[in-house]
Amino acid sequence: MKIKKKTLVAILIIGASLSLAAETNGVHSTTGEYKYQVDKKYKVVSVIDGDTIKVRLNNSIDKVRFSHINCPEKGEPYYKEAKEFVKSYIQGKTVFIKTNGRDKYSRLLGEVFYKGENINLLLVSNGLAKHYKRFSSDKRYSRVEKRAKEKGVGMWNKKNAFR
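Residues numbered from 1 in each chain as written. Predicted model: local features only at pLDDT ≥ 70, side-chain atom pairs only at ≥ 80, totals over all residues. Heavy atoms only, no water.

## Focus on helix 2 (residues 79–90)
Across its 12 residues, helix 2 extends 17 Å between first and last C-alpha, which sits within 8% of the 16 Å expected from 1.5 Å per residue. Considered for burial, the residues of helix 2 that qualify are Tyr-79, Ala-82, Phe-85, Val-86 and Ile-90. Axial view of helix 2: buried residues confined to an arc of 140°, hence all on one face. Turned more than 90 degrees from where helix 2 packs its buried face, Lys-80 and Ser-88 sit exposed. (Helix = DSSP H or I, 4+ residues; strand = E, 2+ residues; numbered from the N terminus. Expected span 1.5 Å × (residues − 1). Buried < 20%, exposed > 50% of the residue type's maximum accessible area, 1.4 Å probe, protein only. Arc of directions from axis to C-beta.)

## Topic: the packing of aromatic side chains
As enumerated under the stated definition, the model contains three aromatic pairs in all. Considering the side-chain rings of Tyr-132 and Phe-135, the 5.0 Å spacing of their centres and the 75° angle between planes classify their relative orientation as edge-to-face. Linked through ring pairs, Phe-85, Tyr-89 and Tyr-114 together constitute an aromatic cluster. Directly above the aromatic system of Trp-156 lies the positively charged group of Lys-149, at a separation of 4.8 Å from the ring centroid. (Phe/Tyr/Trp six-rings, centres within 6.5 Å; stacked < 30°, edge-to-face > 60°. Lys NZ or Arg CZ within 6 Å of the ring centre and 35° of its normal.)

## Focus on the layout of surface pockets
Any space left empty among the atoms is revealed by the rolling of a water-sized probe across them. Reported here for the largest pocket is a volume of approximately 440 Å³. Across the lining of the largest pocket, the residue classes break down as six nonpolar, six polar and eight charged. (1 Å grid on protein atoms, 1.4 Å probe; cavity = no way out; pocket = protein on both sides within 12 Å on 5 of 7 lines; lining within 4 Å. Points joined across faces, edges and corners; volume = space filled by probe spheres on them. Nonpolar A, V, L, I, M, F, W, Y, C, P; charged D, E, K, R; others polar.)

## Some thoughts on the pattern of salt bridges
Summed over all chains, the structure comprises seven salt bridges. In this structure, the salt-bridge partner of Asp-51 is Arg-65, at a minimum N-O distance of 3.6 Å. With Asp-51 in the loop between strand 1 (40–49) and strand 2 (52–57) and Arg-65 in strand 3 (residues 60–66), this residue pair connects regions lying 14 residues apart in the sequence. Like Arg-65, Asp-51 is buried. (Salt bridge = Lys/Arg side-chain N within 4 Å of Asp/Glu carboxyl O.)

This is the structure we're talking about:
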């Protein structure tokens with residue numbers, strides 16, 4: 001069986017690309033975080049607070065509670081900053097969500113990704129959320145929270161603001 005040189009090169013390139021995709025498994029090359037969710041694309045229709053959004057998938061609207069984190073509640077320091085951060089980043093945008101079930105209020109639970117960035121982790125790294133250890137044992141969030149505390153960013157720059 002004789003294979004043309006161009007065909008062989010194309011097969012090798014496709015094979016190498018598939019191999020690379022399998023090795024990286026959608027992980028961001030510099031942060032080591034997931035680049036995107038293989039689940040579904042959702043359109044963000046509104047931001048309820050720093051860790052809850054409403055999204056549209058086809059003709060259905062659903063609430064999403066950001067997993068692994070907890071943002072300040074209304075009336076607490078950094079509530080407005082967390083909400084505005086999420087609004088400015090993803091309001092009206094299409095996001096990927098790595099879902100992991102629903103909570104007792106029937107909200108989707110998940111990590112929200114936009115342009116390769118994990119929004120949940122961004123909130124923690126900017127001191128606008130803390131790792132919700134009661135419901136998450138994910139070490140990435142603990143590490144990021146520790147760095148935010150050490151840097152004194154966001155909620156961590158005020159003594160006992162949200163601990």
